[in-house]
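One-letter residues, chain by chain:
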Amino acid sequence: MAGYDDRDGKIWVDGTLVDWRDANVHILTHAMHYASSVFEGERAYDGKIFLTQKHSERLLKSGEMIDMPIPWTADQITAAKDEVLAANGLTNAYVRAVAFRGAGEDMGVSSSKNPVRLFIAAWEWGSYYGDAKMKGAKLDISKWKRPSPETIPTAAKAAGLYMICTMSKHAAEAKGCSDALFYDYRGYVAEATGANVFFVKDGEVHTPIPDAILNGLTRQTVIGMLKDRGITVHERHIMPEEMEGFEQCWLTGSAAEVTPVGQIGDYTFEVGQLTRDISDAYEKLVRS
């Protein structure tokens, strides 16, 4: 398979569709040195991007939180994503919008004189965790912890927050796992490297409160689905040792969708009926 830099197709670059291989930036792009970048990952189903406007709005909010105002409106960003899908002839695809400080007059920590740029790409991408939807993903427990909101804007979908995610996922894959689970700076269960986590016990659902992690759009969707079914959802702090008593577990994310989890460290879970029901219901919802 060709690398992501060597493909046919079009990428939206600052308002213009350009050939895929020409969507490049200079080596002194500020984001490459100082992580002045925010992004969104979305999925299109049958030609329609799920929660596209909410993703566009969150991109703008993330930019605000890292002091990087993005010079496009949510409506313009949403329209650009549709333009990218059409230009590439895609109906079922993953969509990536990334806004960042480009090269300009500043090349120190400060970047206020540098332009904010926006690229949008889309490509076909299958199940994020492979066959985990059938047997449950296996997760390592990361040695790193999600940081305090006093150290970084944890509610932003910012590139800098993903450095330890990459490190943790590499370590997990070296152990034969699909992903890694983080604890937060206080020691509570937090999230996976790119997905929120849910647990089931006695027919009720427990999920970490997003006070130091991203409140994922898929997370919010699934909580709404559960409540619509009359299922009690506890958004709360969860201690690691509580995982021993949970019966089921799943992950949620735009890329991950709803993925069952079979193991986290030494803790095991069944791919139970509620997990399957929510996964199936989500698959129907995104195509409705």
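Keep in mind that this is a model prediction, so the values were computed, not measured. (Residues numbered from 1 in each chain as written. Predicted model: local features only at pLDDT ≥ 70, side-chain atom pairs only at ≥ 80, totals over all residues. Heavy atoms only, no water.)

1. Here's the deal with the overall build of the protein chain
Along the backbone of the protein chain there are seven helices and 15 strands. Here the protein chain has a C-alpha radius of gyration of 19 Å; the compact-globule value for 288 residues is 19 Å, and the two agree. With the C-alpha coordinates aligned to their principal axes, the bounding extent of the protein chain is approximately 55 × 40 × 35 Å. Counting every position in the protein chain, which comprises 288 residues, the buried fraction comes to 50%. Long-range pairs, those at least 24 residues apart, make up 68% of the contacts in the protein chain with a sequence separation of at least 6. Here the protein chain has roughly 13,300 Å² of accessible surface; of this, 51% comes from carbon and sulfur atoms. Within the protein chain, the 40 negative side-chain charges are centred at a point lying 1 Å from the centre of the 31 positive side-chain charges. (Helix = DSSP H or I, 4+ residues; strand = E, 2+ residues; numbered from the N terminus. Rg over C-alpha atoms; globule rule 2.2 N^0.38 Å. Buried < 20%, exposed > 50% of the residue type's maximum accessible area, 1.4 Å probe, protein only. Contact = heavy atoms within 4.5 Å. Areas by Shrake-Rupley, 256 points an atom, 1.4 Å probe, with all protein chains shown as cover. Lys, Arg positive; Asp, Glu negative; His and termini not counted. Charge placed at Lys NZ, Arg CZ, Asp CG, Glu CD.)

2. As for the side chain of Thr-218
You can see Thr-218 is positioned in helix H6 (residues 217-228). From its side chain, Thr-218 meets the backbone nitrogen of Ser-254 in a polar contact 3.2 Å long. Not counting chain neighbours up to four residues away, the residues in contact with Thr-218 comprise Thr-252, Gly-253, Ser-254, Glu-257 and Tyr-282. (Polar contact = N/O pair within 3.5 Å; in protein donor to acceptor, adjacent residues only side chain to side chain.)

3. Quick word on unusual backbone geometry
Its identity is not glycine, yet Ala-35 carries a phi of approximately 60 degrees, on the positive side. Position of Ala-35 relative to the elements: it lies in the loop between helix H1 (30-34) and strand S3 (37-45). The partly exposed category is assigned to Ala-35, whose relative accessible area is 34%. Even without being a glycine, Leu-51 presents a positive backbone phi close to 55 degrees. For Leu-51, the position within the fold is in the loop between strand S4 (48-49) and helix H2 (52-65). When its relative accessible area of 25% is taken as the criterion, Leu-51 is described as partly exposed.

4. A word on the sheet that holds strand S2 (residues 16-19)
Spatially, six strands are ordered S2-S1-S6-S5-S3-S4 in an open sheet, and the strand pairing comes out antiparallel. The strands lining the two open edges of the sheet, one partner per strand, are S2 and S4. Bridge count for strand S1 (residues 10-13) against S2 is four bridges, and the pairing is antiparallel. The residue of S2 that forms the bridge with Lys-10 is Asp-19. The strands touched by H2 within the sheet are S3, S4, strand S5 (93-101) and strand S6 (116-123), with S3 carrying the most contacts at an inclination of about 175 degrees. (Pairing = 2+ DSSP bridges. Axes fitted to C-alpha atoms, helices over the stretch in contact; angles between N-to-C directions.)

5. Description of the pairing of strand S7 (residues 137-146)
By the bridge criterion, three bridges tie S7 to strand S14 (residues 257-264) in an arrangement that is parallel. Note that in S14 the partner of Ala-137 across the bridge is Val-261. Bridge analysis of S7 against strand S8 (residues 179-184) gives five bridges, and the strand direction is parallel. Note that in S8 the partner of Arg-146 across the bridge is Asp-184. Considered for its hand, the β-α-β crossover made up of S7, helix H5 (residues 163-174) and S8 is right-handed. (Right-handed = clockwise from strand over helix to strand, strands pointing away.)

6. Comments concerning the nonpolar core
In this structure, Ile-70, Leu-85, Leu-118 and Ile-120 are the most contacted members of the largest nonpolar core, which totals 26 residues. Mapped by element, the contributors of at least two residues to this core are S3, H2, helix H3 (74-87), S5 and S6. (Core = buried A, V, L, I, M, F, W, Y, C linked by side-chain atoms within 4.5 Å.)

7. Some remarks on the packing of aromatic side chains
Across all of its chains, the model carries 13 aromatic pairs by this definition. Aromatic side chains Phe-198 and Trp-250 sit 5.5 Å apart centroid to centroid with 15 degrees between the ring planes, which places their arrangement in the stacked category. Taken together, the residues Phe-198 in strand S10 (residues 196-201) and Trp-250 in strand S13 (residues 248-253) connect sequence positions 52 residues apart. This pair shows no difference in class: Phe-198 is buried, exactly as Trp-250 is. A network of ring pairs unites the aromatic residues Tyr-4, Tyr-94, Trp-123, Trp-125, Tyr-128 and Tyr-129 as a single cluster. Here the guanidinium or amino end of Arg-146 rests over the ring plane of Phe-182, the centre of that ring lying 4.9 Å away. (Phe/Tyr/Trp six-rings, centres within 6.5 Å; stacked < 30°, edge-to-face > 60°. Lys NZ or Arg CZ within 6 Å of the ring centre and 35° of its normal.)

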